[in-house]
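Each chain, letter by letter, is given below.
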Amino acid sequence: MIYREIQNTPVPALGFGTFKLRDDTCRRQVLQALEVGYRHIDTARIYDNEKQVGSALAETDVAREEFFLTSKIWVEELEPANVHRSCETSLRLLGTDYLDLYLIHWPSDRYPLDATLEAMSELREQGKIRHLGVSNFPPSYFERACGLAPVFTNQVEYHPLLGQDRLLELARAHNVLFTAYSPLAQGAVLKEPVLNEIGAKHGKNAAQVAIHWLLQQDGVAAIPRTGSEENLRGNFDVFDFELDADDNEQIARLPKNVRTINPAFAPDWEDDDT
Ligand SMILES: NC(=O)c1ccc[n+]([C@@H]2O[C@H](COP(=O)([O-])OP(=O)(O)OC[C@H]3O[C@@H](n4cnc5c(N)ncnc54)[C@H](OP(=O)(O)O)[C@@H]3O)[C@@H](O)[C@H]2O)c1
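Residues numbered from 1 in each chain as written. Predicted model: local features only at pLDDT ≥ 70, side-chain atom pairs only at ≥ 80, totals over all residues.

**A word on the overall build of the chain**
The line we're drawing: For the purposes of this entry, the term helix denotes a DSSP run of H or I that reaches at least four residues, the term strand denotes a run of E that reaches at least two, and both are numbered from the N terminus. For every residue, the other C-beta atoms within 10 Å of its own C-beta are counted; 20 or more classify it as buried, 12 or fewer as exposed, and values in between as partly exposed. C-beta atoms are placed from the backbone. Residues are defined as contacting one another if the C-beta atoms placed from their backbone atoms lie within 7 Å.
For the chain, the helix and strand inventory stands at ten helices and ten strands. The C-alpha extent of the chain, read off along each of the three principal axes, is 55 × 45 × 35 Å. The 274 residues of the chain split such that 45% are buried. The long-range fraction of contacts in the chain, counting pairs at least 24 apart against all pairs at least 6 apart in sequence, stands at 75%.

Structure below.
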């Protein structure tokens, strides 16, 4: 496993995502992920699966301090009192005393950012969260957040079919973890011939190529999700090969405009007054 060192905290660069995993599939996959060696789990209040993640955490032999656990506040809950209440709910459902990382799931102009971050800082002082961060923050929002609080990560969509040069540059400048969500473009990378060809050359599949490509980049973490045990093992088996210059050049030439998560309330992704 590769670790990123952010704010004196080592974070496993490969995590397990749980978006869309429900009921017993969620419990089983998180339990299995911990057994296979994943030590970083990503959930969110809105995924409505924290109870099932919590069941897996209660069942596993892996000690609480051995894994890194992230949850997120939904975009309607950014008012300070709701930040506190939402965190209490996540902690109760996950069956843990603390989150390693708590994120603002989406930016919103309906709630003052400074008040939300202040509430999150209070949670930190109370020991309920170890770190705070943001998700889906374009450059302007991100810079503003970094000026207000010790942001630990910006979690955004990133994979071989979507360019994120500016946000990655800003994250590195602030020594903030760049967490790549939808690292498989929700499955689209599996259909990309170039990635399949590169994979065949190394005895790997396109998902493994995409995950390795992300993890070879400084300061980047990736959190692929799967409901299959076979894919869960495969997606972890990404540390025993290297991409060569030709592979990297071919990946660099792929179209970089495939955005799979873009709800109506998404910010202007290009918003950059930095
Ligand atoms: N902050 C945010 O707003 C945000 C937004 C989206 C996601 N996320 C986080 O990022 C995580 C990952 O993103 P995601 O869930 O959107 O999608 P993803 O990880 O990019 O892709 C998941 C899809 O890829 C398939 N897949 C996974 N491994 C595979 C393999 N080895 N071979 C073939 N197919 C494979 C899965 O199908 P199978 O189940 O059949 O394997 C599933 O359909 C989420 O679970 C969540 O934790 C955060």
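**Examining the site of the ligand**
As a reminder, the rule being used: Placing a C-beta atom from the backbone of each residue, we mark the residue near a molecule or strand if the atom is within 6 Å of it. Residue polarity is assigned by list, with Asp, Glu, Lys and Arg as charged and Ala, Val, Leu, Ile, Met, Phe, Trp, Tyr, Cys and Pro as nonpolar; anything else, Gly included, falls into the polar class.
Surveying the vicinity of the ligand reveals 28 residues, the closest of which are Gly-17, Phe-19, Leu-184, Arg-225 and Thr-226. Counting residues per element, the shell around the ligand draws most heavily on helix 9 (residues 229–236), at three residues. Tallied by class, residues from the shell around the ligand come to ten nonpolar, 15 polar and three charged.

**Quick notes on the sheet that holds strand 3 (residues 16–17)**
Rules: By this definition, two strands are paired if DSSP reports at least two bridges between them.
Pairing within the open sheet is parallel, and its eight strands lie in the order 3-4-5-6-7-8-9-10. Each edge of the open sheet carries a strand with a single partner, namely strand 3 and strand 10 (220–222).

**A few points about the packing of helix 1 (residues 23–36) against helix 9**
Two packed helices can be described by the angle between their axes and the distance between those axes. Selection criterion: Fitted lines through C-alpha atoms give the axes, limited to the stretch in contact for helices. The angle between two N-to-C directions lies from 0 to 180 degrees. For any helix crossing, the convention is left-handed if the near helix is rotated counterclockwise from the far helix by under a right angle, and right-handed if that rotation is clockwise.
Packing of helix 1 against helix 9 brings their axes to within 10 Å, and their N-to-C directions diverge by 35°. In the crossing of helix 1 with helix 9, the sense of the turn from one axis to the other is right-handed. Here Gln-29, Gln-32, Ala-33 and Val-36 of helix 1 come into contact with helix 9, specifically with Glu-229, Leu-232, Arg-233 and Phe-236.

**A short note on the environment of His-105**
Within the fold, His-105 resides in the loop between strand 6 (99–104) and helix 4 (113–125). Using a count of 21 C-beta atoms within 10 Å as the deciding quantity, one classes His-105 as buried. Sequence spacing of His-105 and Asn-257 is 152 residues, and the spatial spacing of their C-alpha atoms is 22 Å. Apart from the residues within four sequence positions on either side, His-105 is in contact with Ala-44, Ile-46, Lys-72, Ile-73, Trp-74, Val-75 and Ser-135.

**Structural notes on the pairing of strand 8 (residues 151–157)**
Rule in force here: Crossover handedness is defined here as right-handed if the route from the first strand over the helix to the second strand goes clockwise, with the strands pointing away from the viewer.
Burial of strand 8 is extensive: seven of the seven residues sit out of reach of the surface. Relative to strand 8, strand 7 (residues 129–135) runs parallel, the two being bridged by three bridges. Each residue of the ladder has a partner; that of Val-134, found in strand 8, is Asn-154. Traced from strand 7 through helix 5 (residues 139–148) to strand 8, the parallel crossover comes out right-handed. Of the pairings in the sheet, the one linking strand 8 to strand 9 (residues 177–181) comprises five bridges and is parallel in character.

**Quick notes on the packing of helix 7 (residues 193–202) against helix 8 (residues 206–215)**
The line we're drawing: In what follows, roughly perpendicular refers to angles from 65 to 115 degrees, roughly parallel to angles under 35, roughly antiparallel to angles over 145, and oblique to any angle outside these ranges.
Look at helix 7 against helix 8: their axes get within 8 Å of each other, and the N-to-C directions meet at 90°. As the angle between them shows, helix 7 and helix 8 are arranged roughly perpendicular. Residue-level inspection shows Leu-195, Asn-196, Ile-198 and Gly-199 of helix 7 in contact with helix 8, the latter providing Ala-206, Gln-208, Val-209 and Ala-210. In terms of residue class, the contact of helix 7 with helix 8 is built from five nonpolar, three polar and no charged.

**Side note on the nonpolar core**
Rule in force here: Note on terminology: a nonpolar core is a set of buried residues of type Ala, Val, Leu, Ile, Met, Phe, Trp, Tyr or Cys, with members joined through C-beta atoms within 7 Å.
Within the largest apolar cluster, 74 residues are counted, with the highest numbers of intra-cluster contacts made by Val-30, Tyr-102, Ala-210 and Ala-222. Per-element tally for this core: the top contributor is helix 8, with seven residues. Ala-210 has contacts with His-159, Pro-160, Pro-183, Leu-184, Val-189 and Leu-195, leaving out every residue within four places of it along the chain.

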